[in-house]
Amino acid sequence: LHGLLMHIAREHQEKAPGYQAAIRGLMMQVFVLLLRFGLQEDTSSAAPGETMRAYRLIEPALRYIRDNYSQSISVEELANLCQISKHYFCRVFKTAMGNSAIEYLLAYRMMVSDILLVGTDKSVSQIAESCGFESAQYFCRCYKRHFGTSPGKRRNQ
C-alpha cells in the first residue's frame, strides 16, 4: 500500500502526459485493497453475499466519491446516483463499507491529503482546498483527529 501511495505522489508531482489516468488507476488499486481489507473486517455483521450485493448497489456512489472528492457531496446526491432512498442508502452503505458515507468520504479525503502532504510541496491550504475542505483550519483539525498528528509534523517526518 505504501508503495502505491508513493507512486501516486510521484505521478502527481511529475505531471507527465497521462498522469491523471495513471493516478486514477493507482487509486483504484488502493481502493480495492481498502475494500478487501474492509470486507474481511466486517464479515461478522453481514453475510458475505449480502455484503457483496450491498457493495454492487453503492458502487456508483463509490466511483462518484473517487472522482469528485474535492467537491461538496451530500448523502442525498449519493443515494440519487444509486437510485435508492437516502435512508436505504445509508443502511446499505454501512453494510458494504463498515461506516457511513460521510465517514468514508472524510477517510478518502484524508488518504488523498496525506499522499499530497508527503509527496508534494503544496501548502497545507492548497491541499485542504484540493481535497474538498472549506478551510485549512478545519482540515488541520480533521487531519489531527484522523492521523493523531498535525499536517506540519507529518510533512517533517
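The sections below set out a description of the structure shown in this document. (Residues numbered from 1 in each chain as written. Predicted model: local features only at pLDDT ≥ 70, side-chain atom pairs only at ≥ 80, totals over all residues. Heavy atoms only, no water.)

**Considering the packing of aromatic side chains**
Part 1 of the reasoning: Within this structure, the stated rule accounts for eight aromatic pairs.
Part 2 of the reasoning: Relative to Phe-147, the ring of Tyr-143 lies with its centre 4.6 Å away and its plane at 45°, an arrangement referred to as tilted. With Tyr-143 and Phe-147 both in helix α8 (residues 136-147), this residue pair falls four residues apart, about one helical turn.
Part 3 of the reasoning: Owing to a relative accessible area of 0%, Tyr-143 belongs among the buried residues under this scheme.
Part 4 of the reasoning: One aromatic cluster is present, built from ring pairs that chain together Tyr-69, Phe-89, Phe-93, Tyr-104 and Tyr-108.
Part 5 of the reasoning: Residue placement shows Arg-109 over the ring face of Phe-133; its charged tip is 6.0 Å from the ring centre. (Phe/Tyr/Trp six-rings, centres within 6.5 Å; stacked < 30°, edge-to-face > 60°. Helix = DSSP H or I, 4+ residues; strand = E, 2+ residues; numbered from the N terminus. Buried < 20%, exposed > 50% of the residue type's maximum accessible area, 1.4 Å probe, protein only. Lys NZ or Arg CZ within 6 Å of the ring centre and 35° of its normal.)

**Observations concerning the side chain of Arg-109**
Part 1 of the reasoning: Within the fold, Arg-109 resides in helix α6 (residues 101-119).
Part 2 of the reasoning: Comment: no salt bridge for buried Arg-109; closest opposite-charge side chain is Glu-134, at 7.6 Å.
Part 3 of the reasoning: For Arg-109, the side chain forms a polar contact with the main-chain oxygen of Gln-71, separated by 2.7 Å. (Lys, Arg positive; Asp, Glu negative; His and termini not counted. Salt bridge = Lys/Arg side-chain N within 4 Å of Asp/Glu carboxyl O. Polar contact = N/O pair within 3.5 Å; in protein donor to acceptor, adjacent residues only side chain to side chain.)

**Some remarks on the pattern of salt bridges**
Part 1 of the reasoning: Under the definition given, this model contains four salt bridges.
Part 2 of the reasoning: Salt-bridge contacts for Glu-76 lead to Lys-86; the nearest nitrogen and oxygen are separated by 3.0 Å. Residue Glu-76 is located in helix α4 (residues 75-82), and its partner Lys-86 is located in helix α5 (residues 86-97); the two are separated by ten residues in the primary sequence.
Part 3 of the reasoning: Measuring nitrogen to oxygen at the nearest pair gives 2.8 Å for the salt bridge that ties Arg-154 to Asp-114. One end of the pair, Arg-154, is in helix α9 (residues 151-156); the other, Asp-114, is in helix α6, and 40 residues separate them in sequence.

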